[in-house]
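Secondary and tertiary structure notes
What follows is the residue order along each chain.
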Amino acid sequence: MQGSPEVCVLRLGHRPGRDNRMTTHVGLTARALGADRVVIAGNASKSKGTIEDITARFGGPFEVELSDSWRPLLRDWSGVVVHLTMYGERVQDVEEEIRAAHRADPVLVVVGSQKVPFDVYDAADYNVGVTNQPHSEVAGLAVFLDHLFDGRELDREWEGGESRVLPMETGKRVVPVEDLDGEE
Ligand SMILES: C[S@@+](CC[C@H](N)C(=O)[O-])C[C@H]1O[C@@H](n2cnc3c(N)ncnc32)[C@H](O)[C@@H]1O
């Protein structure tokens, strides 16, 4: 998010076809809730296209990358590595420490799909549970990002894109960005 070190989400374990929708939602959630980039391990070109299309329509900045070899990214990350897992430390016990580190350093947030290889647990600076109950990578990511940014991501400013949604009590209003000149 503008004004803070990078937050990158690494999505592991994508199975083409079967995981397309979940992987797309990991990317859209990362974008909407303040991350700067998602790296998807594996052949997820369909998800990449959908996330890029949403960024083109509704703004960014937000980057999507596909990677066949995610281990170097994890190993060489010059910042904090957070792996989200139901087996991890409670988010409420470690969030302050992670927030403090993020004032100076980029954060890599790793989420899985099926079983995550054990070296990821070892490589992580923090294995973090959003509750210690099994649920979903999309839910875990959303709650973690909201805690990391302490809610500031909800006021994030968007750049570029074609349209903006105007919040309304009822109904739907989407306006071209050029009609908002001076109001953003
Ligand atoms: C279907 S779950 C797999 C559950 C897996 N046994 C695990 O290690 O959490 C897919 C992904 O969702 C995320 N996830 C599931 N439950 C979570 C929780 N309670 N806290 C944080 N992340 C969670 C993890 O990133 C996990 O890799």
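Reading guide: rules and limits
- Residues numbered from 1 in each chain as written.
- Predicted model: local features only at pLDDT ≥ 70, side-chain atom pairs only at ≥ 80, totals over all residues.
- Heavy atoms only, no water.
- UniProt positions renumbered as here; feature names shortened; annotations may be inferred.
- Helix = DSSP H or I, 4+ residues; strand = E, 2+ residues; numbered from the N terminus.
- Phe/Tyr/Trp six-rings, centres within 6.5 Å; stacked < 30°, edge-to-face > 60°.
- Lys NZ or Arg CZ within 6 Å of the ring centre and 35° of its normal.
- Core = buried A, V, L, I, M, F, W, Y, C linked by side-chain atoms within 4.5 Å.
- Buried < 20%, exposed > 50% of the residue type's maximum accessible area, 1.4 Å probe, protein only.
- Contact = heavy atoms within 4.5 Å.
- Salt bridge = Lys/Arg side-chain N within 4 Å of Asp/Glu carboxyl O.

Per the UniProt annotation, the sites labelled "binding site: S-adenosyl-L-methionine" (unreviewed entry) are Leu84. Looking at the secondary structure, you find Leu84 in strand S4 (residues 80-90).

What follows deals with the packing of aromatic side chains. As enumerated under the stated definition, the model contains one aromatic pair in all. The interplanar angle of 10° and the centroid separation of 5.1 Å between the aromatic rings of Phe118 and Tyr121 together place this pair among those described as stacked. With Phe118 and Tyr121 both in helix H5 (residues 118-123) and three residues apart, the pair spans about one turn of that helix. Against the face of Trp158 rests Arg31, its NZ or CZ located 4.4 Å from the ring centre. Above the ring of Trp158, the side-chain terminus of Arg156 is found at 3.8 Å from the ring centroid.

This paragraph deals with the nonpolar core. In terms of nonpolar packing, the biggest core is built from 31 residues, with Val9, Val82, Val128, Leu141 and Phe144 touching the most fellow members. Of all the secondary-structure elements, those providing two or more residues to this core are strand S1 (7-11), helix H1 (20-32), strand S2 (37-41), S4, helix H4 (91-102), strand S5 (107-111), strand S6 (126-129) and helix H6 (137-148). Per-element accounting of this core gives the leading share, five residues, to H6. Apart from the residues within four sequence positions on either side, Val128 is in contact with Val82, His83, Leu84, Thr85, Gly88, Glu89, Val91, Val94, Ile98 and Phe144. If you look at the next biggest cluster of nonpolar residues, it comprises 15 residues, including Val39, Ala41, Leu108 and Tyr121.

This brings us to the pattern of salt bridges. Evaluated as defined, the whole model comprises 12 salt bridges. Its salt-bridge partner being Arg75, residue Asp76 comes within 3.3 Å of it at the nearest N-O pair. Classification of Arg75 as exposed rests on a relative accessible area of 61%. A salt bridge links Arg99 to Glu95, with the nearest nitrogen and oxygen atoms 3.0 Å apart. Placement of both Arg99 and Glu95 in helix H4 is noted, with a separation of four residues, approximately one turn of the helix. Glu95 gets classed as buried once you look at its relative accessible area, which sits at 15%.

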